[in-house]
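Architecture at a glance
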Amino acid sequence: RKHKIITKPPAGTERYQAQIEGLWCSSCTFVIEDMLSREPGVYCPSVHTPTGRLMVYLDPVKTDPAKVDAAIQKIGYGIGSPDSAKLARQKDFEELILRFGVAAFLTFNIMMIVEALYVGPVASFLERYLPALSAFSLALEGPSRIYLSLVLLGLTTPIVFYSGAPILQSGLRRLRYGQMNMDTLIAIGTLTAYGLSAVAVYQESLHTYFDTAAMLVTLILLGRLIETFAIRRSSEAVDKLKSLRPP
């Protein structure tokens, strides 16, 4: 269906509000608004990202709230109450901190191992100018490099499939229902780097990209964590202003 660009709801429509659960970022807001705007009888959908509050105008002849809820749930989001949504946001925030902590710790170790593996291609240079590092590089020739690649595989797996699980779920879920957002591109890039590296380890090749997959997930989680902090602070400021309002 074509996108309906309507800034003012037609006469005879009724306002409907709902609480959306499972919002991961601002791009999720765009996906929901875009999807609802294509539904018949739905006008001016608006989602407030920090609170997950949806406001939309419905034509009672063409649709009803149950259909709107079903359309939202079809693309992987939930419908709940304000109280449950607040608890869900707090739980998601705590999980985000844990996921980022795991990713950051493992990525730090991955980068140290990768640095050692990257020394190999410049061994001749090191032998002339940095003999100590050259000796270290030569000690990693042969099976030692394959073993380190297996270690990288083991360290990267929890980063991609645990720390990056919300990103993968968000991106691939949109792709499943014909929608795309930034998480879709991140998910594809991360899985591609991880998959090619896993195949390279199986083939005993040294051309792996585990550091790329790990760093991509870690940096995205860091950005989401900073964004979540900012949103929480702004929401708390708004709540304080509301509390100062006279009865």
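Report on the accompanying structure.

The rules behind the values
Residues numbered from 1 in each chain as written. Predicted model: local features only at pLDDT ≥ 70, side-chain atom pairs only at ≥ 80, totals over all residues. Heavy atoms only, no water. Phe/Tyr/Trp six-rings, centres within 6.5 Å; stacked < 30°, edge-to-face > 60°. Helix = DSSP H or I, 4+ residues; strand = E, 2+ residues; numbered from the N terminus. Buried < 20%, exposed > 50% of the residue type's maximum accessible area, 1.4 Å probe, protein only. Lys NZ or Arg CZ within 6 Å of the ring centre and 35° of its normal. Expected span 1.5 Å × (residues − 1). Pairing = 2+ DSSP bridges. Contact = heavy atoms within 4.5 Å.

Let's shift gears to the packing of aromatic side chains. Across all of its chains, the model carries 3 aromatic pairs by this definition. Ring centres of Phe 161 and Tyr 194 lie 5.3 Å apart, and the angle between their planes is 85 degrees; on these two criteria the pair is classed as edge-to-face. Placement of the pair is Phe 161 in helix α6 (residues 143-163) and Tyr 194 in helix α8 (residues 182-202), with a sequence separation of 33 residues. The class for Tyr 194 is buried, based on a relative accessible area of 12%. Summarising the aromatic geometry, the rings of Tyr 194 and Phe 210 are spaced 6.1 Å apart at their centres and angled 70 degrees between planes, so their arrangement reads as edge-to-face. Within this pair, whereas Tyr 194 is found in helix α8, its partner Phe 210 is found in helix α9 (residues 210-243), the two being separated by 16 residues in sequence. You'll find Tyr 194 and Phe 210 in the same group, each marked buried. Among the aromatic residues, those joined into a ring-pair cluster are Phe 161, Tyr 194 and Phe 210. In this arrangement the basic side chain of Arg 99 is found over the ring face of Tyr 162, its NZ or CZ atom lying 4.8 Å from the centre.

The next subject is unusual backbone geometry. Residues other than glycine seldom take positive phi values, yet Cys 44 does so here, at roughly 50 degrees. Relative to the helices and strands, Cys 44 is located in strand β2 (residues 42-48). A positive phi angle is found at Glu 204, which is not glycine, with a value near 60 degrees. Tracing the backbone through its elements, the reader meets Glu 204 in the loop between α8 and α9.

Right, let's get into α8. Relative to the 30 Å expected for 21 residues at 1.5 Å per residue, α8 spans 30 Å between its end C-alpha atoms, a close match to the ideal helical length. When α8 is considered as a whole, its buried residues turn out to be Asp 183, Thr 184, Ile 186, Ala 187, Thr 190, Ala 193, Tyr 194, Ser 197, Ala 200 and Val 201. Glu 204, located one to two residues past α8, shows a positive phi value of around 60 degrees.

The next point concerns the pairing of β2. In terms of burial, β2 is a largely internal element, 5 of the 7 residues being buried. Relative to strand β3 (residues 53-58), β2 runs antiparallel, the two sharing 5 bridges. Looking at β3, one finds that His 48 is bridged to Arg 53.

Moving on to the side chain of Asp 211. Mapped onto the elements of the fold, Asp 211 is located in helix α9. Of the residues examined, Asp 211 reaches a relative accessible area of 11% and is grouped as buried. Every residue in contact with Asp 211, bar those within four places of it in the chain, is listed here: Ile 110, Met 111, Val 114 and Tyr 118.

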